[in-house]
Amino acid sequence: MKGLLNIYKPKGFTSQDVVSVIRKILSTREVGHMGTLDPQGEGVLLVGIGKGARLFDLMLKKDKVYEAEFDFGYETDTIDGDGVEIARTDIIPSEEDIKQVCNRMIGDCDQIPPKYSAKNINGRRAYDLAREGKEFNLKPCKIKIYDLKLLYKTGENKYMFQIHCSGGTYIRSICRDIAYALNSLATMTSIKRIFCSNFTVKNSITLDELKILGKDAIIPLEKVLEPYTRYDVPDSFYTKLNNGLRPDAPEDLEEPFIVYCKNELFGVGEIIDGKIRVKTYLRD
């Protein structure tokens, strides 16, 4: 049993809660999610089953699209609705001013993660240090915002946004940075992931649906990896490939690519010293 599940994570569940439920439903311990959604968040959560869990690094780096609501006028310690209010302001930006800032934020940038995040600080999680009231600084992370739109107003000082961004982007930090650029404050009050690595929320399934579908809901790895470049090692190299020998890489082959031989999936490949190495082995 190996592959991927496109699960709709409900609000109130941690990503690890979802993993625990899936383990019970499918009666296997080999389950791992690919990109945390906060308990407040909902939407697409990719979950690897069996060797599918080895695709974590590949999937984590893929683009994602979110819909998130930002409430202007105050800020919580976590920059989301689960936190405690720590500051308030009467400076409320106009819709037009917000749109202008959104346009300026599109592109590559260095983003400072929220202090309540899973970032590692000398062997400890940032959120643990924040809860203890410890002072620390987080290093900026390089991210890319492909698109950032204000969709519509949802209430007084509240707006719904759509964000298309690279993996590793914190939507709460985008909320904070938009407000700071306008001398205001804001807090993210809802978030839904609607797209992740070619998987959409429309094609996701709930945990209740998984209970009915069981193993039939698992997407085969061959299907999961279809969007990536496929490289077929010559059939004559099959035994050597099985024994760990590395074939020569074509000059025009670029990473990431998927290695096949005799129409059999071997795994995710990489090029080292001009030769192909299967770095993520997926074969039975």
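Everything discussed here concerns the structure shown above.
Read on for an overview of the structure. Bear in mind the structure is a predicted one, so any value in this text is a computation, not a measurement.

A few words on the pattern of salt bridges. Tallied over the entire structure, the rule returns 17 salt bridges. A salt bridge links Lys134 to Glu132; the nearest nitrogen and oxygen atoms lie 3.2 Å apart. Under the relative-accessibility criterion, Lys134 is labelled partly exposed at 44%. Here Asp232 ties to Arg230 by a salt bridge, and the two come within 2.9 Å at their closest N and O atoms. Judged by its relative accessible area of 40%, Arg230 is partly exposed. Counted as one network, the salt bridges with shared partners bring together Arg124, Glu132 and Lys134.

Under the 1.5 Å per step criterion, the end-to-end length of helix α1 (residues 15-26) is 17 Å for 12 residues, consistent within 8% with the ideal 16 Å. Among all positions in α1, only Ser15, Val18, Val19, Ile22, Arg23 and Leu26 are buried. Looking straight down α1, one finds its buried side chains confined to an arc of 140°; they lie on one side. Buried residues along α1 sit in contact with β1 (3-9), β2 (31-33), β3 (42-49) and α6 (207-213). Looking at the residues trailing α1, positive phi occurs at Ser27, about 55°.

Conventions we followed
- Residues numbered from 1 in each chain as written.
- Predicted model: local features only at pLDDT ≥ 70, side-chain atom pairs only at ≥ 80, totals over all residues.
- Heavy atoms only, no water.
- Salt bridge = Lys/Arg side-chain N within 4 Å of Asp/Glu carboxyl O.
- Buried < 20%, exposed > 50% of the residue type's maximum accessible area, 1.4 Å probe, protein only.
- Helix = DSSP H or I, 4+ residues; strand = E, 2+ residues; numbered from the N terminus.
- Expected span 1.5 Å × (residues − 1).
- Arc of directions from axis to C-beta.
- Contact = heavy atoms within 4.5 Å.

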